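What the coordinates show
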Amino acid sequence: MPNPVFAGLPTSIFQHMTILAQAHDALNLGQGFPDQDGPMALREVAARALVDGPNQYPPSKGLGVLRQAVAGHARQFYGLSYDPEDEVLVTSGGTEAIAGSLMALAGQGDEVVMIEPTYDSYRPMAEAVGAVVKTVKLAPPGWRLTEEVLRAAIGPGTRAVLINSPHNPAGRVFSREEMETLAKVVLETDAVVICDEVYEHLVFDGLPHIPLATLPGMRERCVRIGSAGKIFSLTGWKVGWVTGPRELVGLVFKAHQFLTFTTPPALQTGVAHGLRHEMDFPRALTARLQGNRDILAAGLTRLGFAVQPCEGTYFLTADISNLTNEKDFAFCERLIREAGVALIPLSAFFKSGTPDTFVRFAFCKQQSLIEQSLERLEKYFTVP
Ligand code: GLN
């Protein structure tokens with residue numbers, strides 16, 4: 001019998017909406033990928049490495065030069081110290097890092113807690129390893145983590161917590177206070193924490209990103225996941241990493257060796273260069289994204305969307321109930337066909353399917369595309 005976890009799944013919501021967008025020539029504010037590639041110098045380093053070689057298997061844990069750069073990045077930005085030898089693991093993107101972490105750190109019947117709205121790969125991967133998923137439910141408006149919702153899900157039976165900050169799709173960057181509450185609740189248990197921090201540099205309005213691992217007692221419990229795709233607008237490269245205490249990273253390494261074994265060496269060389277020499281890129285990107293967010297939020301508010309606060313990531317959420325009686329999914333499909341703009345229905349991130357009147361906009365695009373999308377929406381909603 002095929003594995004029912006996967007056999008029962010539809011095509012991912014991101015692929016579904018992108019394919020539909022292409023078929024209708026719609027502007028794609030659905031799937032979150034930038035429409036401009038990252039730093040040329042970084043790409044040139046990778047191209048040179050590809051031409052010069054070697055192009056054979058790099059070490060399974062990643063090239064030394066990249067592991068050192070990842071450790072240097074954690075030290076530079078957060079004062080976190082990881083040994084590049086056995087506390088850093090290079091993966092084929094954040095998605096592989098999440099899969100490997102779940103496979104390695106949880107097993108049959110273990111409770112794994114994750115935040116809902118939940119990024120699409122989390123639940124199937126946890127269920128595929130036989131874990132029992134419990135959710136910490138965030139609610140609009142505000143999508144805030146409270147002690148009450150945390151305690152409702154995390155307890156003595158929790159084996160692992162999967163936390164995502166900055167949070168996709170909610171656009172939240174959990175505050176120090178929210179992180180401290182999470183740490184307090186976790187420290188009462190034996191749980192480990194898988195911290196998906198792929199949007200760590202895309203934080204707006206000067207807010208800090210607080211890795212859970214920086215809080216007292218948490219470094220030994222946390223594996224942190226990072227992504228060159230998000231830092232350098234190279235999402236197709238699929239270069240990511242895991243950092244954490246050697247006991248936990250060592251376990252994730254065991255899963256990684258049989259998932260992808262390794263990651264293309266030229267891309268690793270390019271990313272190592274980026275982490276050392278191109279960190280101005282994410283700074284400039286963040287400023288640009290913040291501008292896009294503001295233009296989008298103002299335009300949508302004018303049109304009657306109830307825009308939720310957005311503190312980071314590529315994404316903004318909004319309530320559509322002032323505009324339509326439809327559910328989010330039907331609304332998104334209609335907008336692609338009739339307005340020529342693709343979005344993601346937020347119910348795709350909830351097991352129960354509710355709330356079902358919210359949509360997610362990706363604004364990691366050129367400003368002109370955001371403006372064009374707003375013009376299309378304006379025309380659609382205001383012309384009778
Ligand atoms: N992370 C992207 C998003 O949230 C999707 C990536 C994918 O399609 N797997 O839009």
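Look above for the structure.
Residues numbered from 1 in each chain as written. Predicted model: local features only at pLDDT ≥ 70, side-chain atom pairs only at ≥ 80, totals over all residues. Heavy atoms only, no water.

1. As for the nonpolar core
Judged by nonpolar contacts, the single largest core of 122 residues is most densely connected at Val193, Leu212, Leu275, Phe305, Leu343 and Phe361. Among the elements that take part in this core, helix α4 (residues 64-78) stands out by supplying 6 residues, more than any other. If we ignore the near neighbours within four places in the chain, the residues touching Leu275 are Leu66, Ala69, Val70, His73, Ile231, Phe232 and Trp241. (Core = buried A, V, L, I, M, F, W, Y, C linked by side-chain atoms within 4.5 Å. Buried < 20%, exposed > 50% of the residue type's maximum accessible area, 1.4 Å probe, protein only. Helix = DSSP H or I, 4+ residues; strand = E, 2+ residues; numbered from the N terminus. Contact = heavy atoms within 4.5 Å.)

2. So, the pattern of salt bridges
Here the structure, examined in full by the defined rule, presents 24 salt bridges. The closest approach of N and O atoms between Lys61 and Glu85, which form a salt bridge, is 3.2 Å. In this pair, Lys61 sits in the loop between α3 (40-52) and α4 while Glu85 sits in the loop between α4 and β2 (88-91), placing the two residues 24 residues apart along the sequence. Given a relative accessible area of 45%, Glu85 falls into the partly exposed group. The partner of Arg144 in a salt bridge is Glu178, with the nearest N and O atoms 3.9 Å apart. Of the two residues, Arg144 sits in the loop between β4 (132-137) and α7 (147-153) while Glu178 sits in helix α8 (residues 176-187), which places them 34 residues apart along the sequence. Note on Arg144: relative accessible area 43%, which makes it partly exposed. Sharing partners across several salt bridges, the network here consists of Asp83, Asp86, Glu87, Arg219, Glu220 and Arg246. (Salt bridge = Lys/Arg side-chain N within 4 Å of Asp/Glu carboxyl O.)

3. Considering the pairing of β2
A regular strand carries its side chains on alternate faces of the sheet. The alternating pattern of β2 places Val88 and Val90 on one face and Leu89 and Thr91 on the opposite face, and all of these are buried. Across 4 bridges, β2 lies against strand β8 (residues 240-243) in antiparallel orientation. Bridge pairing links Val88 to Thr243 in β8. (Pairing = 2+ DSSP bridges.)

4. Focus: helix α13 (residues 328-339)
Side chains that are three or four residues apart share a direction in an α-helix, a result of its 3.6 residues per turn. When we look at burial in α13, the residues that qualify are Asp328, Phe331, Cys332, Glu333, Arg334, Leu335, Ile336 and Ala339. Gly340 occupies a position one or two residues after α13 and carries a positive phi of about 75 degrees.

5. Notes on the site of the ligand
Inspection of the region around the ligand gives Phe14, Gln31, Gly32, Tyr119, Asn168, Tyr199, Phe315 and Arg360 as its neighbouring residues. A distance of 2.7 Å separates an oxygen atom of the ligand from a polar atom in the side chain of Gln31. One of the backbone N or O atoms of Gly32 is found 2.7 Å from an oxygen atom in the ligand. Protein burial of the ligand: of its 300 Å² of free accessible surface, 78% is covered by the chains. (Near = heavy atom within 4 Å. Polar contact = N/O pair within 3.5 Å; in protein donor to acceptor, adjacent residues only side chain to side chain. Areas by Shrake-Rupley, 256 points an atom, 1.4 Å probe, with all protein chains shown as cover.)

6. Concerning the environment of Thr263
Examined against the element boundaries, Thr263 turns out to sit in the loop between α10 (246-259) and α11 (265-277). We classify Thr263 as buried; its relative accessible area is 2%. Through-space distance from the C-alpha of Thr263 to that of Ser352 is 36 Å; in sequence the pair is 89 residues apart. Not counting the four nearest positions on each side in its chain, Thr263 is found in contact with Pro58, Val90, Thr91, Ser92, Lys238, Val239 and Gln268.

7. Here's the deal with the pairing of β4
In this structure, strand β3 (residues 111-116) lies alongside β4, joined through 6 bridges in parallel fashion. By the bridge assignment, Val113 is partnered in β4 with Lys134. One crossover worth recording links β3 to the parallel β4 by way of helix α6 (residues 122-128), and it is right-handed. (Right-handed = clockwise from strand over helix to strand, strands pointing away.)

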